[in-house]
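# Structural characterization, general
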Amino acid sequence: MLKLTLRSAAIAVTAAAVSISLAACGSSGPASSAGNADSATMWGLTGGNQPVLQKSIDAWNKAHPDETVKLDFFANDAYKTKVRTAVGAGQGPTFIYGWGGGVLKSYVDSGQVADLSDFVASNPDVKNRYLPSVLKNGVIDGKTYALPNNNVQPVVLYYNKEVFDKIGVQAPKTWDDLMALVPKFKAAGIAPFSLGGQSKWPDLMWLEYLVERIGGPDVFANIAANKPGAWSDPAVKEALSKIQNLVDAGGFANGFSSIAADSNADQALLYTGKAAMILQGGWIYQSMKKDAADFVKNGKLGYVTFPAVSGGKGDPANVVGNPSNFWSISSKATDSQKKAALDYVKSGMFTDADTQALIDSGAVPVTTGIESKLAASPDKDFLSYVYGMAKNAPSFTLSWDQALSPAQGDAMLANLDQIFLKKISPDQFVSTMNATIGK
Amino acid sequence: MPTSTGSSRRVLEKGPSGWLAAPALVFFLLFAIIPLFGVLFLSFTKWDGLGEIRLDGLSSWTTVLTDPVTGNALWVTAKIMFFSFIVQAPISLLLGVFTSASQKYRAALAVLYFVPLLLSSAAVAIAYKALLDPNFGLGPGLGLPFLAQDWLGNSDLVLFVVVFVIAWQFVPFHTLIYQGGVRQIPASLYEAAQIDGAGRVQQFFAITLPQLKYTIITSSTLMVVGSLAYFDLVFVLTGGGPGYSTRLLPLHMYLTGFKANDMGAASALGVILVVIGLALALLLQRLGGKNRNASQLEGA
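A brief structural summary.

Conventions adopted
Residues numbered from 1 in each chain as written. Chains lettered and ligands numbered in written order. Predicted model: local features only at pLDDT ≥ 70, side-chain atom pairs only at ≥ 80, totals over all residues. Heavy atoms only, no water. Salt bridge = Lys/Arg side-chain N within 4 Å of Asp/Glu carboxyl O. Helix = DSSP H or I, 4+ residues; strand = E, 2+ residues; numbered from the N terminus. Buried < 20%, exposed > 50% of the residue type's maximum accessible area, 1.4 Å probe, protein only. Patch = residues over 30% accessible without salt bridge, like charges linked within 9 Å, V, L, I, M, F, W, Y side chains within 5 Å. Areas by Shrake-Rupley, 256 points an atom, 1.4 Å probe, with all protein chains shown as cover. Contact = heavy atoms within 4.5 Å. Buried area = accessible area lost by both parts, 1.4 Å probe. Polar contact = N/O pair within 3.5 Å; in protein donor to acceptor, adjacent residues only side chain to side chain. Nonpolar A, V, L, I, M, F, W, Y, C, P; charged D, E, K, R; others polar. Pairing = 2+ DSSP bridges. Phe/Tyr/Trp six-rings, centres within 6.5 Å; stacked < 30°, edge-to-face > 60°.

Oppositely charged side chains are able to pair whenever their charged atoms sit close together. Residues and elements named next belong to chain A. As enumerated under the stated definition, the model contains 14 salt bridges over all chains in all. Put simply, K105 and D109 hold a salt bridge, and the shortest N to O gap is 3.1 Å. Residue K105 and its partner D109 are both found in helix α4 (residues 101-109); the two are separated by 4 residues, about one turn of the helix. Accessibility expressed as a relative area gives 56% for D109, which makes it exposed. Across the pair K300 and E162 runs a salt bridge, and its minimum N-O distance is 3.4 Å. Of this pair, K300 sits in the loop between α15 (293-297) and β10 (301-304) while E162 sits in helix α8 (residues 161-167); the two residues are 138 residues apart in sequence, bridging distant segments of the chain.

Written out as structure tokens, the structure reads:
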């Protein structure tokens, strides 16, 4: 009898010790630095807009000591995994950084993000500050769940003017131009295209634009709507074949599948003149402005829209990329965290200082009435180009890996990687992807 | 053993009180056994990590078992296990024997060998990724064209690069185990062999190797079962790519669970991983023979 009691006592003591140490683990994170224990928490991405966001939050915290926001940064790929796991475990941040699309929908379906419709309706200033075409990406089934928080990010074809001049060629206007450039650059010992293949998502930009140019925006709209067999559209197969032709021709830099985009190694190939062109998001202008200031300042960076494909149905002015990033507010946050979050959204972000900081960093904010500010910027050529590109695009398709459900997005990137490596044929890609529809 | 009497003898025979193991047992139950059953349960459900968990019968198991990527992941795991073993085992055995002698320069070398083990796997992977970069890495940097291969982007080459980096990181650990093993061998055996006229090589094969039998089994178990757990290094170094060429089973499990958000299938993969790990550990213990758990020291 005594033995039994002793054992249960020991277990009880151990269990108590365990739970105490667990509780300690749980609370040590958020309370460690700025702000009090009930501060709203925010996770942002490293690179690109990191300094702008940091400045904005610093200014907010200084002016609102009772409604502070605690900000942490993560690398893109790491963030996407971490935030979902954290939100699923009830440990997510108050501000959930996102891209809209299928991922946002999965948060909405499981009730993890707050419905902001009333907030938007009662704060017309907030609604009116955004370009309407961007704002609608945070709306699901007529309700607003996410508000744009930074800059418009179309995918652009960048080129190094210096090496183009050296070879004596022009930026490509059609796919045939592009293919004709490949042997010329190769002969000069310059890689025609840089590509961060290890990160996989830069591969996707090629597929997105080619499908867009060949078949128009409906092809992907059908895929995103989960129509059975939607991947079988001939435009998808033709786009995949064109990618493999370009790989065969030696279009991509040596070792492209071991180049990571998160470390900006792909951009470095462009500005060091080792590669002539790169297809990448608008955000790499910001990092090149920082990493290769002279290259950008001296006008050596060229940029054009993705070439047209002869006989293609898509309007060459159509754009793919990210309309913006977004803030959603966690539905699991405490009332005071939610209040602080909404107050920041209302009066802390896109302040004049914020907007100017974004422009100074080489980005185009998703707000209205910024034309004069863009025109006054030293980067006005690029910024006006991007602004016009986004504003005048007949169609702006969200990056597919974000538009689709996470399961489909992952399968798509893994299989597209196989296409670039020529491990599978376009037919195999199409049948594998058709099998993921509805998942 | 000196004969002792009375209560102290009884304590020795019974060993220390079982109570001392209680805290460890509680932790083991809490963090190993209970989650294990949790994973088994999850493998019969459908869950995206966010919404509700739905029972879904055997569908995750059919998905996992019919998916060619799973078979490929098993094959990649087996290859890495095999190659890391045949690379690491001889190197660490020889290094262990070499550093077990007492000269000062060997002590200094042993410290150098030990350094890689002190670095985190993620740091090792990031460093190697930078060194192996075909455009900005070691090869182009030093102007050595043969070093400027597409080490991590070539599906045929990448597996061996991974094996090399794993060996670079873990050989020091096994060297340490062997070093300890060699130092346990009674010097009298070597003295006797020397008197009989045995040379160094003969001594190695006739004394060192047989005396190290249990050390070899311990080290091999750690190497083989450990290669089932290689994750962080490969995740950071290659992300499982290019294609699926380095997508090991644990990595496949992680990517299925946290990238594709299919927790059911990921749990099924986890169960497979546990079963394989247990089977391998048991097999290697069998190879040790009956007296595997008995001490080799005289008088103990």
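After that view, the rundown keeps rolling.
All names here are of chain B. On the surface, a nonpolar cluster with roughly 950 Å² of combined accessible area is contributed by L36, F37, L40, F41, F44, I53, L55, L58, V274 and L278. The dominant element in the nonpolar patch, judged by the number of residues it contributes, is helix α2 (residues 22-42), at 4 residues. On the accessibility criterion, L58 (56% relative accessible area) is exposed.

For an interface, size is often stated in terms of accessible area lost upon the parts coming together. At the interface, 33 residues of chain B touch 38 residues of chain A. Summing both sides of the interface, chain B and chain A together bury roughly 2,900 Å²; the carbon and sulfur share of this comes to 59%. By the criterion of area lost to chain A, the three top residues of chain B are W19(B), L50(B) and F136(B), representing 24% of everything that side buries. Where chain B packs against chain A, one counts 1 salt bridge. A salt bridge links R84(A) to D48(B); the nearest nitrogen and oxygen atoms lie 3.6 Å apart. Remark: the boundary between chain B and chain A carries 9 residue pairs in polar contact (both at pLDDT 80 or more). Put simply, the parts of the chain that give the side of chain B that touches chain A at least two residues each are α2 and α13 (249-259) of chain B. A per-element tally of the side of chain B that touches chain A places α2(B) first, with 5 residues. Taken together, the residues that form the side of chain B that touches chain A break down as 18 nonpolar, 9 polar and 6 charged.

Turning our eyes to something else, we now look at the pairing of β10(A). All names here are of chain A. Burial along β10 is two-sided: L301 and Y303 facing one way and G302 and V304 facing the other are all buried. Alignment of strand β7 (residues 153-160) against β10, held across 4 bridges, turns out to be antiparallel. Each bridged residue has a counterpart across the sheet, and for Y159 the counterpart in β10 is G302.

Each aromatic ring pair is summarised here by two numbers: the centre-to-centre distance and the angle between the ring planes. All names here are of chain A. According to the stated counting rule, one finds 43 aromatic pairs over all chains in the structure shown. With a centroid separation of 5.5 Å and 80° between ring planes, the pair formed by W60 and Y344 is classed as edge-to-face. Here W60, found in helix α2 (residues 50-63), pairs with Y344, found in helix α16 (residues 335-348); they are 284 residues apart in sequence, far enough to count as distant. Looking at W60, the relative accessible area reads 4%, which means it is buried. The exposure class of Y344 is buried, given its relative accessible area of 2%. Seen in terms of ring centroids, W231 and F429 are 5.8 Å apart; in terms of plane orientation they differ by 80°. Their pairing is edge-to-face.

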